[in-house]
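Chain by chain, the residues run as shown.
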Amino acid sequence: MSVFSDWDILRNLLLAARWTVVLSLIAFAGGATVGLLLTMMQVSGRTLLVRFTRLYIELFQGTPLLMQLFLVFFGLSLMGLEVSAWFAAALALTLFSSAYLTEIWRGCIESIPRGQWEASRCLGLSYFEIMRHIILPQALKVAIAPTVGFSVQIVKGTALASIIGFVELTKAGTMLNNATFEPFKVFGMVALLYFLLCYPLSVASRKLERKLNVAR
Amino acid sequence: MSLVSINNVHKYYGSNHVLKGINLEIGAGEVVSIIGRSGSGKSTLLRCINGLEAYSEGGVVVDQMEVVYDDRQIRKLSKSVGMVFQSFNLFPHLTVGQNIMLAPKLVRKLPESEAKVIAQEVLAKVGLAEKIDSYPAELSGGQQQRVAIARSLAMNPKVLLCDEITSALDPELVGEVLKVLEDLAAEGMTLILVTHEMNFARDVGDRVIFMHQGLVWEEGDSKTVLANPQTPELSKFINAVL
């Protein structure tokens, strides 16, 4: 049996952490794309679209991410679609983060005072012109800090993908622990790596919040 | 032919009957002050004139266009009717110049250069030519409201609706905004104001409309109406505000 030095453990964890980063980025990009679409549906004021997004958000906010992962991974294979752990994790995290991002962004758009809509309408601007020139530029500023803040949740959420066999930071930690029987050391390092990924994001979120608030 | 014609307009908010059959004819160049207690329906009436609020019954015609609560019609109306609000509602992320140029560019389809000339003109008119590159947050309340007036003027409206535009201002800033209105009135702009400025209504206004419980309770020449109220409601109101 080979012997793992501390460096070996760390090196393997770092290699696996790449996949945590990649999965986070995919989940964020996917979540943002779907979330933007859902946000537009939600603020459109059309009853059917609003109800659909409402249901979508309640569904994904009201169930554990782990169950969503299981349902995507095992559910799709039950329907005859063989999906990789990769695909299932990316899809489930996209669905999960889109629901939360939609909720954040809807709040940001609705935080823009009614008077901005009224003044724009009186000037003859159309719905899309108002969105494009008045509401979104202001909402974007409000949205940046909470959005960056939520990205921390996505990074930590990727840990659950280890359970369906996707080898990222947590899964690598479990495997290394099985080989070394040094849980405190291994999971300590795992936790530290997560912290190093998340801490800059939460600092950035706080800084952005302060900076953008002053500019308003 | 009147510029604004309001015909038996009713408005309900649920079971709340806010406007109970309003009839008004306002001619070009008239300065009309709408006064009354809060809740008397005066702001609602004003907002029915440019389609910001849908009325439940009756009809409103402005500049030979029927006012209906519909995006395309409101866009058309915006070229005839301007509106200024109590809370200014300037766009905080745009400079004064951009605030003014946006609608002429998007709605009147003017090129940037022409819109800029217009922005300079209307700003000069409200005495703020040097503020074209400032952001709204850098201006005083009075200056912000003057910019809001300039922004409406840039669309070259025939009638300007003013919804309590001095009510949010510190007392010492009210004068500069009223001065702008006075200049506009002297130039022949049609003004319809919801206001608590009784002196302005009397001295600059041509006509006063006193609203009470969703009805036009009393109306007529501003000096006469304010000096000789015919109803106890109006004399009570005048005593309360003066």
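About the criteria used
- Residues numbered from 1 in each chain as written.
- Chains lettered and ligands numbered in written order.
- Predicted model: local features only at pLDDT ≥ 70, side-chain atom pairs only at ≥ 80, totals over all residues.
- Heavy atoms only, no water.
- UniProt positions renumbered as here; feature names shortened; annotations may be inferred.
- pLDDT = per-residue confidence, 0-100.
- Helix = DSSP H or I, 4+ residues; strand = E, 2+ residues; numbered from the N terminus.
- Pairing = 2+ DSSP bridges.
- Axes fitted to C-alpha atoms, helices over the stretch in contact; angles between N-to-C directions.
- Contact = heavy atoms within 4.5 Å.
- Phe/Tyr/Trp six-rings, centres within 6.5 Å; stacked < 30°, edge-to-face > 60°.
- Patch = residues over 30% accessible without salt bridge, like charges linked within 9 Å, V, L, I, M, F, W, Y side chains within 5 Å.
- Areas by Shrake-Rupley, 256 points an atom, 1.4 Å probe, with all protein chains shown as cover.
- Salt bridge = Lys/Arg side-chain N within 4 Å of Asp/Glu carboxyl O.
- Disulfide = S-S within 2.5 Å.
- Buried < 20%, exposed > 50% of the residue type's maximum accessible area, 1.4 Å probe, protein only.

An unreviewed UniProt entry annotates chain B as Amino acid ABC transporter ATP-binding protein, PAAT family (TC 3.A.1.3.-) originating from Amphritea atlantica. The UniProt entry for chain B carries the following comment under Sequence similarities (unreviewed entry): "Belongs to the ABC transporter superfamily." What UniProt states about chain B under its Subcellular location (unreviewed entry) heading is, verbatim, "Cell inner membrane".

An unreviewed UniProt entry lists chain A under the name Amino acid ABC transporter membrane protein 2, PAAT family (TC 3.A.1.3.-), from Amphritea atlantica. Note on chain A: under the UniProt heading Sequence similarities (unreviewed entry), the record states "Belongs to the binding-protein-dependent transport system permease family. HisMQ subfamily."

Trainee: Is there a simple way to think about the confidence of the model for chain A in this case?
Mentor: Caution applies to low-pLDDT parts of the model: their predicted coordinates are not meant to be read in detail. Residues of chain A with pLDDT of at least 70 account for 97%, and the chain-wide mean is 91. By mean pLDDT, helix 8 (residues 183–215) of chain A is the weakest element of chain A at 88, and helix 2 (residues 47–61) of chain A is the strongest at 95.

Trainee: Looking at this structure, I do not really get the sheet that holds strand 6 (residues 81–84) of chain B. What am I missing?
Mentor: Across a sheet, strands are paired by hydrogen bonds formed along the backbone, either parallel or antiparallel in direction. All names here are of chain B. The strand order across the open sheet formed by 6 strands is 6-7-8-3-9-10, and the pairing between neighbours is mixed. Looking at the sheet topology across the chains shown, the edges are occupied by strand 6 and strand 10 (215–221). Between one strand axis and the next, the sheet turns by 15° as a mean value, whatever way the strands run. Against the sheet, helix 6 (residues 171–186) contacts strand 3 (31–35), strand 7 (159–163) and strand 8 (190–194), and its axis sits at roughly 145° relative to strand 8.

Trainee: For this particular structure, what's the right way to read the packing of aromatic side chains?
Mentor: Applying the stated rule across the entire model yields 13 aromatic pairs over all chains. One aromatic cluster is present, formed by Trp19(A), Trp86(A) and Phe166(A) through successive ring pairs.

Trainee: Help me understand a nonpolar patch on the surface, please; the structure alone is not making it clear to me.
Mentor: Nonpolar side chains collect at one region of the surface, where Leu192(A), Phe195(A), Leu196(A) and Tyr199(A) lie side by side and expose about 430 Å² of accessible area between them. Structurally, Phe195(A) can be placed in helix 8.

Trainee: In this structure, what is going on with the state of the cysteines? I would like to understand it.
Mentor: Scanning the model with the defined rule gives 0 disulfides over all chains in all. Of all cysteine sulfurs in the structure, the one in Cys162(B) sits closest to Cys122(A), which takes part in no disulfide; the separation is 11 Å. Judged by relative accessible area, which is 1%, Cys162(B) ranks as buried.

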